[in-house]
Amino acid sequence: MNRIFSLIAVFGLSTFMVAQKQFSFSVNGNIKNYKNKYIYLNHKWDEKPFTDSVKVSNNSFTFNLKSPESNMYWITFKNDINSQPNIIFFVDAGKTTITLDMDSLQNLDIKGGQSHKDYTEYRAMMFNFSMTQQQIINEYNGARGAGDQAKMTAKQTEYEQLTIKVREGLKDFIKKHPKSVVSGYLIYFEYNNNAQVTAADLQEVIGLLDKSALQTKFGQMAQQRLTNMLGTTIGYPALDFTQNNADGKPVKLSDYKGKVVLVDFWASWCGPCRAENPNVVAAYNKYKAKGFTVLGVSFDQNKEAWLKAVEKDQLAWDHVSDLKGWGNEVGKMYSISSIPQNLLIDKDGKILAKNLRGAELDMKLEEFLNKK
């Protein structure tokens, strides 16, 4: 089943500070069969990890803290924010109570405010979907082992229908809970880094949120994700960036407003990039008098090799690189996973086209520049 993918997105926290009055909350726990002295409460805010610890006494523990909004926290049993197992929950003002037994963590009980009730409802929905997903995968794999192509096709169709049901389920949850912080979390978590999610999909679900949810950390994160998607989408203003040239001077994409610019992602070690360079050179020489230029973004790590390639291939335009190879920050911003790739950006900073090669680049420039 080549197109089967996980319905559960990879979770990465990055945050935005929302200024508002803080509230007090407590996390009170009763834990059985726990052999360590301390237990740990974890959180992330504004990209900064936070861990607090308390001593377990008579099978009990209590955390007393403050938060600017209803938010996600998680308990670990080691002083490591990423350690497993962990216990994830949302807190509101007031008390959250956790009852657990280390010998049967699956039976833990969490009682909290409305945000955690919403989170429990959301997780139950996704658990049911994931169980159905696994059943389909198992049946598909069984059919593949038996060489039953008809059943494989049927299971593929069933899986695709389940994917649609998941998306509808997520939207229904947001419609039911437009003011919940969990709805913002859901959008960021389930829609983040999913190649099948379009900017239009993201716009639709963000539009379901109440203004209050948009102001929460996860609401802000979801909106930032949309901004990033639109900034790499044809017809929208390109994401601005700054990166140093070979002399260490910062170069900004927005400095090129007023020109048509091709942002060219390449590297000296990339054979297809070097093969494409003569076409880019030809286009540059042909149209530079009409307001066209190129900005090269190199995925090199070796500065000397990068500059030698620039000179050898006669790339007579501006070049930038942070010399991080595939970790190039501009490349990550634009989700560049292979090179060569490029973006053609108009005089106002909007993306006109992507990944133009050879004659395609020449034809697009001829078409666009002759309109002006």
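Refer to the structure presented above.
To keep things clear, this report deals only with the structure shown in the data block. Within every chain, residues take consecutive numbers counted from 1 along the sequence as written. Given that the model is predicted, a residue must reach a pLDDT of at least 70 before its local features are reported, and side-chain atom pairs must reach 80 or more before they are shown or counted; all residues, however, enter totals for whole chains, interfaces and linings. In computing side-chain properties, one takes all heavy atoms of the structure into account and sets aside hydrogens as well as water.

## A word on the packing of helix H3 (residues 181–191) against helix H6 (residues 217–230)
Thought 1: For the pair H3 and H6, the least separation of the axes is 7 Å and the interaxial angle reads 35 degrees. Considering only the axes of H3 and H6, their crossing is left-handed. Facing Val181, Gly184, Tyr185, Ile187, Tyr188 and Tyr191 of H3, the residues of H6 in contact are Phe218, Gly219, Met221, Ala222 and Arg225. Between N-to-C directions, angles cover 0 to 180 degrees, with each direction set by a line fitted to C-alpha atoms, over the stretch in contact for helices. Secondary structure follows DSSP: runs of H or I at least 4 residues long count as helices, runs of E at least 2 residues long count as strands, and numbering of each begins at the N terminus. Here a crossing is called left-handed whenever its near helix is offset anticlockwise from the far helix by less than a right angle, and right-handed whenever the offset is clockwise. Two residues qualify as a contact provided that any one of their heavy atoms is within 4.5 Å of a heavy atom in the partner residue.

## Let's talk about the environment of Thr132
Thought 1: Of note, Thr132 is situated in helix H1 (residues 114–146).
Thought 2: Considering only alpha carbons, one finds Thr132 and Tyr159, 27 residues apart in sequence, at a separation of 9.0 Å.
Thought 3: A polar contact is formed between the side chain of Thr132 and the backbone oxygen of Asn128, at a distance of 3.1 Å. Nitrogen and oxygen atoms within 3.5 Å of one another constitute a polar contact, given that in protein one can donate a hydrogen and the other can accept it, and given that sequence-neighbouring residues count only through two side-chain atoms.

## So, helix H10 (residues 359–369)
Thought 1: Burial classification: accessible surface area is computed with a 1.4 Å probe over protein chains only, and a residue below 20% of its type maximum counts as buried, one above 50% as exposed, and the rest as partly exposed. Within the span of H10, buried status applies to Leu361, Leu365, Phe368 and Leu369. Taken around the axis of H10, the buried residues stretch over an arc of 85 degrees, which confines them to a single face. For H10, the exposed residues set more than 90 degrees away from the buried face come down to Ala359 and Met363.
Thought 2: Each element contacted by the buried residues of H10 is listed here: strand E11 (260–266), helix H7 (271–287), strand E12 (292–298), strand E14 (341–345) and strand E15 (351–354). To be clear, the arc concerns the directions from the helix axis to the C-beta atoms.

## Description of the nonpolar core
Thought 1: Only buried Ala, Val, Leu, Ile, Met, Phe, Trp, Tyr and Cys residues count toward a nonpolar core, and they belong to the same one when joined by side-chain atoms within 4.5 Å. Within the largest apolar cluster, 45 residues are counted, with the highest numbers of intra-cluster contacts made by Leu253, Phe265, Phe292, Tyr334 and Leu365.
Thought 2: Counting only elements with at least two residues in this core, the list comes to E11, H7, E12, helix H8 (303–312), E14, E15 and H10.
Thought 3: With residues up to four places along the chain from it excluded, the contact list for Phe292 reads Val260, Leu262, Ala283, Tyr284, Tyr287, Leu344, Leu365 and Leu369.
Thought 4: Counting residues in hydrophobic clusters, the runner-up holds 39 residues, among them Trp74, Leu162, Tyr188 and Val205.

## Examining the sheet that holds strand E7 (residues 94–101)
Thought 1: Any two strands with at least two DSSP bridges between them are considered paired. Spatially, four strands are ordered E4-E1-E7-E8 in an open sheet, and the strand pairing comes out mixed. With partners counted over all chains shown, the strands left at the sheet margins are strand E4 (60–67) and strand E8 (109–111), one partner each. Strand-to-strand twist in this sheet, taken as the mean axis angle between neighbours without regard to direction, amounts to 15 degrees.
Thought 2: Sheet topology places strand E1 (residues 23–32) next to E7; eight bridges connect them, and they run parallel. In the strand pairing of E7, Lys32 is matched with Asp101.

## Here's the deal with the pattern of salt bridges
Two side chains that carry opposite charge are able to pair once their charged atoms sit near each other.
Thought 1: The working definition used for a salt bridge is a side-chain nitrogen of Lys or Arg within 4 Å of a carboxyl oxygen of Asp or Glu. As enumerated under the stated definition, the model contains twelve salt bridges in all.
Thought 2: With its nearest N and O atoms 3.2 Å apart, the salt bridge here joins Glu304 to Lys308. Separated by four residues within a single helix, Glu304 and Lys308 lie in helix H8, roughly one turn from each other.
Thought 3: On the basis of relative accessible area, Glu304 is assigned to the exposed category, the value being 51%.
Thought 4: Classification of Lys308 as exposed rests on a relative accessible area of 52%.
Thought 5: Residues participating in the shared-partner salt-bridge network are Glu139, Lys155 and Glu158.

## Some remarks on the state of the cysteines
Thought 1: Here, the term disulfide refers to a pair of cysteine sulfur atoms separated by no more than 2.5 Å. Here the structure, examined in full by the defined rule, presents one disulfide.
Thought 2: The residue that forms a disulfide with Cys270 is Cys273, at a sulfur-sulfur distance of 2.3 Å. Handedness of the Cys270-Cys273 disulfide follows from its S-S torsion of about 75 degrees: it is right-handed. Considered together, Cys270 and Cys273 belong to a single accessibility category, that of buried residues.

## Section: the sheet that holds strand E5 (residues 71–76)
Thought 1: Taken in spatial order, the four strands make up an open sheet running E3-E2-E5-E6, and their pairing is antiparallel. Each edge of the open sheet is held by one strand with a lone partner, namely strand E3 (48–55) and strand E6 (86–91). Each strand of the sheet is rotated relative to its neighbour by a mean of 25 degrees, with strand direction disregarded.
Thought 2: Looking at chain direction, strand E2 (residues 38–45) and E5 are connected through three bridges and run antiparallel. Residue pairing for E5: Asn42 is matched across the bridge by Trp74.
Thought 3: Its contacts with the sheet place H1 against E5 and E6, and it is angled at close to 130 degrees to E6.

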